[in-house]
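Okay, here's what each chain looks like letter by letter:
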Amino acid sequence: VQLQASGGGLVQAGGSLRLSCAASGSNFNIKSILGWYRQAPGKQRELVAEETSGGSRNYADSAKGRFTISRDNYENKVDLQMNSLKPEDTAVYYCSARWYDDYYWGQGTLVTVSS
């Protein structure tokens, strides 16, 4: 499974960014849960949002009301729209594909929110 993420960058607090991720590979299961995790310096990787192939979404409390995950099952893509960004959202964001206990990760894209 290959996950290619894009869209990170530098933004001021209150601004918006959109992350995109495309999944591919012969062993990619279209029923995988696609999602976004992030890891800030000195902290553990944490879930931001995820979506099942059936459209069920799960958000971290920190993301609720500000971030929106959206998935395209035909293109095997997952986007994360991030609004009202805060300095504490600064982290490396990783696209993920999960099938039961098997996790696959993209290369990570850096999001920096300046105050």
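Report follows, based on the coordinates. (Residues numbered from 1 in each chain as written. Predicted model: local features only at pLDDT ≥ 70, side-chain atom pairs only at ≥ 80, totals over all residues. Heavy atoms only, no water.)

1. Things to note about the pattern of salt bridges
Applying the stated criterion to the full structure yields 7 salt bridges. Among the ionic pairs, Glu51 bridges to Arg57, the shortest N-O distance being 3.2 Å. Residue Asp61 pairs with Lys64 through a salt bridge whose shortest N-O separation is 3.1 Å. Linked through salt bridges whose partners overlap, the residues forming this network are Arg38, Glu46, Arg66 and Asp89. (Salt bridge = Lys/Arg side-chain N within 4 Å of Asp/Glu carboxyl O.)

2. Looking at the sheet that holds strand E8 (residues 77-82)
Taken in spatial order, the 4 strands line up as E1-E3-E8-E7 in an open sheet, and their pairing is antiparallel. Each having just a single partner strand, strand E1 (2-6) and strand E7 (67-72) make up the two edges of the open sheet. Averaged over all pairs of adjacent strands, the angle between their axes in this sheet comes to 15°, without regard to strand direction. As paired elements, E7 and E8 share 6 bridges and run antiparallel to each other. Paired with Thr68 across the strands is Gln81, a residue of E8. (Pairing = 2+ DSSP bridges. Helix = DSSP H or I, 4+ residues; strand = E, 2+ residues; numbered from the N terminus. Axes fitted to C-alpha atoms, helices over the stretch in contact; angles between N-to-C directions.)

3. Observations regarding the packing of aromatic side chains
The final tally for this structure, using the stated rule, is 5 aromatic pairs. On the numbers, 5.0 Å between centres and 80° between planes, the contact of Tyr37 with Trp105 is edge-to-face. Remark: Trp105 occurs in strand E10 (residues 102-105) and Tyr37 occurs in strand E4 (residues 33-39); sequence separation between them is 68 residues. You can call Tyr37 buried: its relative accessible area is 11%. With centroids separated by 5.8 Å and ring planes inclined at 10°, the aromatic side chains of Tyr103 and Trp105 adopt a geometry described as stacked. (Phe/Tyr/Trp six-rings, centres within 6.5 Å; stacked < 30°, edge-to-face > 60°. Buried < 20%, exposed > 50% of the residue type's maximum accessible area, 1.4 Å probe, protein only.)

4. Here we look at the environment of Gly8
By secondary structure assignment, the location of Gly8 is in the loop between E1 and strand E2 (9-12). Of the residues examined, Gly8 reaches a relative accessible area of 33% and is grouped as partly exposed. Residues Gly8 and Val92, spaced 84 residues apart in sequence, show a C-alpha to C-alpha distance of 8.5 Å. Residues in contact with Gly8, not counting those within four places in the same chain, are Leu19, Thr109, Leu110 and Val111. (Contact = heavy atoms within 4.5 Å.)

5. Notes on unusual backbone geometry
Where the residue is not glycine, phi is negative for most of them; where a peptide bond is considered, it is trans in most cases. Not every positive phi belongs to a glycine, and Ser84 is a case in point at roughly 50°. Its location among the elements puts Ser84 in the loop between E8 and strand E9 (91-99). Positive phi is not limited to glycine here, since Tyr100 has a value of about 55°. Of note, Tyr100 is situated in the loop between E9 and E10.

6. A look at the state of the cysteines
Inspection of the entire model under this criterion finds 1 disulfide. Here Cys21 is linked by a disulfide to Cys95, with a sulfur-sulfur distance of 2.0 Å. Because the torsion about its S-S bond is -80°, the bridge between Cys21 and Cys95 counts as left-handed. Taken together, the residues Cys21 in strand E3 (residues 17-24) and Cys95 in strand E9 connect sequence positions 74 residues apart. Cys95 sits in the buried class, given a relative accessible area of 0%. (Disulfide = S-S within 2.5 Å.)

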